[in-house]
Amino acid sequence: MTTVIDGKVAAASVIAAVKGAAAGLEAETGVKTGLAVVIVGDDPASHAYVNSKSKMAKECGFNSIQHTLPAETTQETLAGLVASLNEDLSIHGILVQLPLPKHLDSDAIIQSIRPEKDVDGLHVVNAGKLATGDLETGLISCTPAGAMLLVRSIHGEDLSGLNAVVIGRSNLFGKPMAQLLLNANATVTTAHSRTKDLASVARGADILVAAVGRPEMVKVGWIKPGATVIDVGINRIDAPERGEGKSRLVGDVAYAQASEVAKAITPVPGGVGPMTIAMLMANTVIAAHRTAGRKPPKF
Ligand code: GUN
């Protein structure tokens, strides 16, 4: 029987722990956890993501601030906002939603966020801590942290002897995911669009993580029978069978067939997706504890 890994249940348990930790911190120190989310421009998908992040922060009992800036915002204005949030003692986490409009230099903005407030885990200090095996003092990118929590729910903490293949090499996901798996003792391959015979590389995986951004690209023949499959893709495709103009969400894995050979698999939606926001809340409450000189909760 295939285990369908329920990201909604896992995310709800992270959120419950975050609420408890935030309430405890506030009761003991008077510090209310603060998250500032910044969005530039009017991409509807980005607005939907950001609104759910702000809403969840409120639900967690945080001081939740959202800055919505017009598409023509200048580099100086955005940098000025980040600089003021860096100084703001009521803010423990800063998230600048990506992608930014093309005229803006995203990397300069991300690197200007104080590492202690970089709840996306994208600052070189946080990326470097993860790369050198320091999982205790930095902040880890939310989607890989959430995907790793789902991997642990199947395999436990120690992945010794297991082959893991991550398809995708982005700074936001593929690289940190590979490092988390390596840190848990898996034997890790990072594959990508230039990999020769991707299918046979993928077939070597006991844990296959797909983050290619292409609907249902990973076919059943790419999956080793009994593997754990983590699907990070969220792709909207036309669904004329649901009526004219309708669409639906699919992952990067051809789920229906893949779920017949995998031992465990994440669905889309309802797998990795809900974990991203939950881990953002977790990172924010961790950052608030550190600022207050308290031992942060573990997730
Ligand atoms: N855009 C899509 N995913 C993310 C994310 O995890 N963080 C940020 N900042 N932007 C994103």
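Provided above is the structure to which this section pertains.
Residues numbered from 1 in each chain as written. Predicted model: local features only at pLDDT ≥ 70, side-chain atom pairs only at ≥ 80, totals over all residues. Heavy atoms only, no water.

As for the sheet that holds strand β1 (residues 3-4)
Part 1 of the argument: An order of β1-β11-β8-β7-β5-β6 is seen for the six strands of this open sheet, with the pairing classed as parallel. Since the sheet does not close on itself, it has two edges, and those belong to β1 and β6 (187-191), each with one partner.
Part 2 of the argument: Against the sheet, helix α6 (residues 142-155) touches β1, β7 (207-210), β8 (228-231) and β11 (264-265), its axis set at about 165 degrees to β8.
Part 3 of the argument: Sitting on the sheet, helix α7 (residues 174-183) touches β5 (163-167), β6 and β7, and the angle it makes with β5 is about 170 degrees. (Pairing = 2+ DSSP bridges. Helix = DSSP H or I, 4+ residues; strand = E, 2+ residues; numbered from the N terminus. Contact = heavy atoms within 4.5 Å. Axes fitted to C-alpha atoms, helices over the stretch in contact; angles between N-to-C directions.)

Here we look at the side chain of Asp231
Part 1 of the argument: For Asp231, the position within the fold is in strand β8.
Part 2 of the argument: Among buried charged residues, Asp231 stands out as having no salt bridge; its nearest opposite-charge side chain is Arg248, 11 Å away.
Part 3 of the argument: Looking at Asp231, its side chain comes within polar contact range of the main-chain nitrogen of Gly233, at 3.1 Å.
Part 4 of the argument: Contacts of Asp231, omitting those with residues within four sequence positions, involve Ala210, Gly251, Asp252, Val253, Thr266, Val268 and Val272. (Buried < 20%, exposed > 50% of the residue type's maximum accessible area, 1.4 Å probe, protein only. Lys, Arg positive; Asp, Glu negative; His and termini not counted. Salt bridge = Lys/Arg side-chain N within 4 Å of Asp/Glu carboxyl O. Polar contact = N/O pair within 3.5 Å; in protein donor to acceptor, adjacent residues only side chain to side chain.)

A closer look at the site of the ligand
Part 1 of the argument: Leu95, Val96, Gln97, Leu98, Asp120 and Leu172 make up every residue found near the ligand.
Part 2 of the argument: Between Leu98 and the ligand, the recorded distance is 2.8 Å, taken from a backbone N or O atom to a nitrogen atom.
Part 3 of the argument: One of the side-chain N or O atoms of Asp120 is found 2.5 Å from a nitrogen atom in the ligand.
Part 4 of the argument: A total of 280 Å² of accessible area belongs to the ligand in isolation, and the protein chains cover 81% of it.
Part 5 of the argument: Class assignment of the residues belonging to the shell around the ligand gives a composition of four nonpolar, one polar and one charged. (Near = heavy atom within 4 Å. Areas by Shrake-Rupley, 256 points an atom, 1.4 Å probe, with all protein chains shown as cover. Nonpolar A, V, L, I, M, F, W, Y, C, P; charged D, E, K, R; others polar.)

Section: helix α3 (residues 75-87)
Part 1 of the argument: Counted at 1.5 Å a residue, the expected span for α3 with its 13 residues is 18 Å, and the 18 Å between its end C-alpha atoms agrees.
Part 2 of the argument: Looking at α3, one finds that the buried residues are Leu78, Leu81, Val82, Leu85 and Asn86. Down the axis, α3 shows its buried residues gathered within 140 degrees of arc, on one side only. Exposed and facing more than 90 degrees away from the buried side of α3 are Glu76 and Glu87.
Part 3 of the argument: On the buried face of α3, the contacting elements are β2 (34-40), β3 (63-69), β4 (93-96) and α4 (106-112). (Expected span 1.5 Å × (residues − 1). Arc of directions from axis to C-beta.)

Quick look at the packing of helix α2 (residues 44-59) against helix α10 (residues 273-291)
Describing two packed helices takes the angle between their axes plus the distance from one axis to the other.
Part 1 of the argument: Between α2 and α10, the shortest axis-to-axis distance is 10 Å and the interhelical angle comes to 50 degrees. Between α2 and α10, the angle falls in the class oblique. Where α2 crosses over α10, the handedness of that crossing is right-handed. Here Ser52, Lys53, Met56 and Ala57 of α2 come into contact with α10, specifically with Ile277, Leu280 and Met281.
Part 2 of the argument: The residue makeup of the contact of α2 with α10, split by class, is five nonpolar, one polar and one charged. (Parallel < 35°, antiparallel > 145°, perpendicular 65-115°, else oblique. Left-handed = near helix turned anticlockwise from the far one by under 90°.)

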